[in-house]
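Structural description and commentary
Here's the letter readout for the chains.
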Amino acid sequence: PVPTFIERKQIGVVETKTVDHLDAYTAPRLVEYHDEDPCYPMMAVRRGERLATAQPAPSSVPRIALYKGVVVEATYDVGEYDVSILSAKESDGLTSWLTDNGYKIPQGAEAVLASYIKQNMRFFVAKVNLDRMKLTGSKFLRPLQVRYETAKFMLPLRLGTVNANGPQDLIIYALNRGGRVETTNYRTVKLPTGMDVPLYVKAEFGSFYKAMFDKAVADADMRAVFTEYAWDMSWCDPCASAPLSNRELVELGARWIGNDDDGRFYGGQGANAFVTRLHVRYDAEHFPEDLALMETHDRENFQGRYVLRHPWT
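Before going into details, it helps to say that this report is about the structure given with it. (Residues numbered from 1 in each chain as written. Predicted model: local features only at pLDDT ≥ 70, side-chain atom pairs only at ≥ 80, totals over all residues. Heavy atoms only, no water.)

1. Details of the overall build of the protein
Note the threshold: Per the convention used, a helix needs a DSSP run of H or I reaching at least four residues, while a strand needs a run of E reaching at least two, with both numbered from the N terminus. Exposure classes here rest on a 1.4 Å probe applied to the protein chains alone. A residue is buried below 20% of its type maximum, exposed above 50%, and partly exposed in between. Each accessible area is a Shrake-Rupley result for a 1.4 Å probe, and residues are judged covered by the shown protein chains and nothing else.
Helices and strands together make up the secondary structure of the protein, namely seven helices and 17 strands. Per-residue burial over the protein gives 42% buried out of 313 residues. Of the roughly 17100 Å² of accessible surface on the protein, a fraction of 53% belongs to carbon and sulfur atoms.

2. Looking at the sheet that holds strand β9 (residues 154-155)
Rules: Strands qualify as paired when DSSP identifies two bridges or more between them.
In space, the three strands of this open sheet follow the order β9-β15-β11, with antiparallel pairing throughout. The sheet terminates laterally at β9 and β11 (181-183), the two strands that pair on one side only. Note that β11 and strand β15 (residues 291-295) share three bridges and pair antiparallel. Looking at β15, one finds that V181 is bridged to E295.

3. Comments concerning the packing of helix α2 (residues 91-100) against helix α3 (residues 109-118)
Heads up, the condition is: Orientation is described by axes fitted as lines to C-alpha atoms, over the contacting stretch for helices, and by angles from 0 to 180 degrees between their N-to-C directions. The sense of a crossing depends on the near helix, which, turned anticlockwise from the far helix by less than a right angle, makes the crossing left-handed and, turned clockwise, makes it right-handed. Contacts are assigned to residue pairs that have any heavy atoms within 4.5 Å of one another.
Two elements in contact, α2 and α3, have axes whose closest approach is 8 Å; the angle formed by their N-to-C orientations is 115°. Note on packing geometry: the crossing formed by α2 with α3 is right-handed. Touching S91, D92, L94 and T95 of α2 are E110, L113, A114 and I117, all from α3.

4. Description of the environment of E295
Note the following rule: Contacts described as polar in this section are N or O atom pairs within 3.5 Å, which, within protein, must combine one atom able to donate a hydrogen with one able to accept it, while residues neighboring in sequence count only if both atoms come from side chains.
By the secondary structure assignment, E295 is in strand β15. Each C-alpha atom of the pair E295 and R180 lies 6.2 Å from the other, and the pair is 115 residues apart in sequence. Apart from residues lying up to four places away in sequence, E295 is in contact with F153, N176, R177, G178, G179, R180 and V181. A polar contact of 2.7 Å, which involves the side chain of E295, links it to the side chain of N176.

5. Notes on the pattern of salt bridges
What counts is decided by this rule: Each reported salt bridge corresponds to a side-chain nitrogen of Lys or Arg within 4 Å of a carboxyl oxygen of Asp or Glu.
All told, the structure shown has 17 salt bridges when counted by the stated rule. Close ionic contact of R132 with D77 constitutes a salt bridge, the shortest N to O distance being 3.9 Å. Of this pair, R132 sits in helix α4 (residues 130-136) while D77 sits in strand β5 (residues 70-78), placing them 55 residues apart in sequence. Its relative accessible area of 21% is what places D77 among the partly exposed residues. A network of salt bridges, in which partner residues are shared, links D23, E228 and R277.

6. What about the packing of aromatic side chains?
The description of an aromatic ring pair rests on the distance of the ring centres and on the angle between the ring planes. Stated precisely, the cut-off is as follows: Stacked, tilted and edge-to-face pairs are distinguished by plane angle, under 30 degrees for stacked and over 60 for edge-to-face with tilted covering the rest, among Phe, Tyr and Trp rings (Trp via its six-membered ring) whose centres lie within 6.5 Å. Only lysine NZ and arginine CZ atoms are considered, and such an atom sits over a ring when it is within 6 Å of the ring centre and within 35 degrees of the ring normal.
Overall, the coordinates contain 10 aromatic pairs when judged by the stated rule. Ring geometry for F205 versus F208: centroids 5.8 Å apart, planes at 25°, classification stacked. With a gap of three residues between them, F205 and F208 both fall in helix α6 (residues 205-219), about one helical turn apart. Take F205: its relative accessible area is 4%, and that puts it in the buried class. When the centroid spacing of 5.4 Å and the interplanar angle of 70° are considered together, the rings of F213 and F226 count as edge-to-face. Residue F213 is found in helix α6, and its partner F226 is found in strand β13 (residues 224-232); the two are separated by 13 residues along the sequence. Residue class for F213 comes out buried when judged on its relative accessible area of 2%. With relative accessibility at 3%, the residue F226 sits in the buried group. One aromatic cluster is present, formed by F205, F208, Y209 and Y306 through successive ring pairs. Sitting over the ring of Y116, R158 keeps its end group 4.9 Å from the ring centre.

This is the structure:
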């Protein structure tokens with residue numbers, strides 16, 4: 001669901017490595033500190049290692065057609081995707097269109113679609129074109145970007161819960177000028193951070209973090225959105241990855257920067273891009289509403305950070 005008609009110029013693809021970079025930069029991190037030699041305090045050298053956990057993971061053809069109460073307002077070729085922009089008056093008509101066009105619509109979808117239709121939202125439908133994907137030479141789909149302006153700062157979740165096999169995880173990266181982003185209709189909670197962990201966790205950090213997140217979700221009865229990172233893009237302490245360049249930030253949508261060179265900032269205000277990373281585990285029972293978001297003026301730094309301390313040997 002999208003709140004307005006989408007033109008071809010508002011759709012694009014982003015390089016996968018750019019999103020991977022943002023993921024690595026904001027990932028929860030493990031840091032190590034080594035005790036100084038107590039016998040030679042003036043000659044000791046402090047050593048530190050940092051480990052990030054993130055895994056690096058042609059022309060438009062517009063047409064207008066009326067189909068069972070559904071208006072296909074436009075169709076576009078965007079990279080490896082065939083995109084259609086739909087509007088609908090009734091959910092059963094939309095369900096029929098999707099079914100007749102090869103989409104498997106699970107039971108319960110009509111009620112969710114009806115709620116979006118009542119909000120006068122349009123529907124952005126993307127289908128992978130395998131022939132064009134082969135031309136890109138990539139085995140992975142590139143991130144699909146949709147740009148629009150709206151007074152509703154929200155992220156639709158409910159449609160994805162209809163055909164889900166159990167709870168789903170979603171990570172949200174928000175870039176803005178004001179400060180930390182949080183949800184308004186669910187609790188936003190900062191993950192536990194800053195504690196010392198046993199040395200053996202270094203070899204098992206991925207499993208450790210998943211277990212810790214599982215417990216945090218259970219403690220919140222799966223009714224909270226968790227902040228994993230909130231910091232100015234211009235610097236970090238410690239950095240799990242180098243800050244993103246201006247070019248990468250503009251590619252992701254931070255067009256207010258007005259400078260798309262490859263420069264990076266390592267101190268001060270820099271590019272004035274504040275990044276928030278939210279992590280939510282959700283299902284239809286615990287998250288019956290779409291996520292409503294808001295920008296705050298809170299620029300206090302926060303990161304998921306876990307500490308290994310090596311004693312002097």
